[in-house]
2 protein chains.
Amino acid sequence: MASHSHAPDVRAELDRFTRACREQGTPVTHQRLAVYRALLESPGHPDAETVHRQLRPEYPTLSAGTVYKTLEMLEGLGLVKKVGATGPSRRFDANRHPHHHLWCVRCHSLTDIELDAGRAVDLPADLGFQVIEYTIQFSGVCAQCRVRGDAGLDPDSGAPTAQP
Amino acid sequence: MASHSHAPDVRAELDRFTRACREQGTPVTHQRLAVYRALLESPGHPDAETVHRQLRPEYPTLSAGTVYKTLEMLEGLGLVKKVGATGPSRRFDANRHPHHHLWCVRCHSLTDIELDAGRAVDLPADLGFQVIEYTIQFSGVCAQCRVRGDAGLDPDSGAPTAQP
DNA sequence: TTCCCGAACAGGAATCATTCTTATCCAGGT
DNA sequence: ACCTGGATAAGAATGATTCCTGTTCGGGAA
């Protein structure tokens, strides 16, 4: 929907997953494939419960525990990442391209964005921190919420004032 | 220790808080001041339970609910922010200077860093996203864990992480 | 200062997300 | 098709957070 939805090659990713499992002797089960596929096909960054709910029609006996365990296992393989959301439940991200996040303080949507990676952000070396990767989280108001136009939010306040 | 200045003027912040409360007719209670002070004095980004534990000796009757409510109220005032951590509990940040985060994937410490980035990171205008602020989260291994060479403990909560 | 009122508080129950436990079940090799 | 170890389903247990209720207290008025 949003501007640059980078559609992942689902089949290729599932193949990669299958290979990774085989390599380390881990069984490739329907459930695991289903969970990973659901995540790959999700436009946003669903939490475990959302994945579970999405799959229930197709796999009526799929248990929540399996979803949680599979997501953790996928994270261990480096195929998905937890994204640090401020909401009540953890969200997962199967987009393996380096990318950043747009967090709408109004509707709590979380959208991927791929900025031109030409410029890297560097850290002072004296910190001794070894960077594996970095993600920029932009907080603000998404296009839809701006169009919808509830009160103009002034950037100085910084406070969402999301009181119902 | 480079740009890692971590000394908010506690008294000034508490004054600001008091004024903000008075302005909107909200009572300034000992509990609220204590919670905010605890957060201002915490080097890291404690979760609600850590704040509660820290304050219990001084305020033996302070209840967890009050800590949660106060943190939420402080967020509403724009004085603290939730930080999107991937751990089990939410963490809070009373550092109101624009800053970024170093997340250690080993010990789960979360450290502030102020990159004097003269240049802002820009977003393509056609996204229609109105940025209020942005935070860069660097994931990697902190200096202590690199020296230690293995998994450590979370310096904020003191809770052992995952592995025995 | 003391009195009063409404909002905040403590304590604990309830809810939500996540992890753990245990008795089956199945993927993949033989 | 048969075995077997790891995976699964179901639900109990845990942990974090929110909700509820009777009591207490901040701070304006007398």
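Our subject is the structure that appears above.
None of these values were measured; they are calculated from a predicted model.

A. Quick look at the sheet that holds strand E4 (residues 110-113) of chain B. The strand order across the open sheet built from six strands is E4(A)-E3(A)-E5(A)-E5(B)-E3(B)-E4(B), with neighbouring strands paired in mixed fashion. A single partner strand is all that each edge strand has here, and the edge strands are strand E4 (110-113) of chain A together with E4 of chain B. For this sheet, the mean inter-axis angle between neighbouring strands, taken without regard to orientation, is 25°. Pairing analysis gives four bridges linking strand E3 (residues 100-104) of chain B to E4 of chain B, with the strands arranged antiparallel. Paired with Trp 103 of chain B across the two strands is Leu 110 of chain B, which belongs to E4 of chain B.

B. Geometry of the protein's contact with DNA strand C. Around DNA strand C sit 25 residues, and of these Val 28, Gly 65 and Arg 90 of chain A together with Thr 29 and Thr 66 of chain B come closest. For the surface near DNA strand C, the secondary-structure elements that each account for two or more residues are helix H3 (48-55) and helix H4 (64-76) of chain A together with helix H2 (30-41) and helix H4 (64-76) of chain B. Per-element accounting of the surface near DNA strand C gives the leading share, four residues, to H4 of chain B. Here the surface near DNA strand C is built from residues that sort into eight nonpolar, 12 polar and five charged.

C. Main features of the interface of chain A and chain B. Taken together, the contact between chain A and chain B spans 36 residues of the former and 32 residues of the latter. Sorting the residues of the side of chain A that touches chain B by element identifies strand E5 (130-141) and helix H5 (143-148) of chain A as the ones contributing at least two each. Residue contributions to the side of chain A that touches chain B peak at 12 residues, all from E5 of chain A. Tallied by class, the residues present in the side of chain A that touches chain B amount to 18 nonpolar, 13 polar and five charged. Bridging between E5 of chain A and strand E5 (residues 130-141) of chain B involves 11 bridges; their strand directions are antiparallel. When the bridges of E5 of chain B are listed, Gln 130 of chain A appears paired with Val 141 of chain B.

D. Looking closely at the relation of the copies chain A and chain B. After a rotation of 180° and a shift along the axis of 0.1 Å, chain A superposes on chain B with an RMSD of 0.2 Å. Here the two chains are linked by the operation of a two-fold rotation axis.

E. Seen up close, the packing of helix H1 (residues 10-23) of chain B against H2 of chain B. Residue and element names in this part refer to chain B. Two numbers describe how H1 lies on H2: the axes approach to 10 Å, and their chain directions differ by 145°. Helix-helix and strand crossings are classified by hand; for H1 and H2 the assignment is right-handed. Mapping the contact onto sequence places Val 10, Glu 13, Leu 14 and Phe 17 in H1 and Leu 33, Tyr 36, Arg 37, Leu 40 and Glu 41 in H2. For the contact of H1 with H2, the class distribution of residues is six nonpolar, no polar and three charged.

Cut-off values and rules
- Residues numbered from 1 in each chain as written.
- Chains lettered and ligands numbered in written order.
- Predicted model: local features only at pLDDT ≥ 70, side-chain atom pairs only at ≥ 80, totals over all residues.
- Pairing = 2+ DSSP bridges.
- Helix = DSSP H or I, 4+ residues; strand = E, 2+ residues; numbered from the N terminus.
- Axes fitted to C-alpha atoms, helices over the stretch in contact; angles between N-to-C directions.
- Near = placed C-beta within 6 Å.
- Nonpolar A, V, L, I, M, F, W, Y, C, P; charged D, E, K, R; others polar.
- Contact = placed C-beta atoms within 7 Å.
- Least-squares fit on C-alpha atoms with pLDDT ≥ 70 in both.
- Left-handed = near helix turned anticlockwise from the far one by under 90°.

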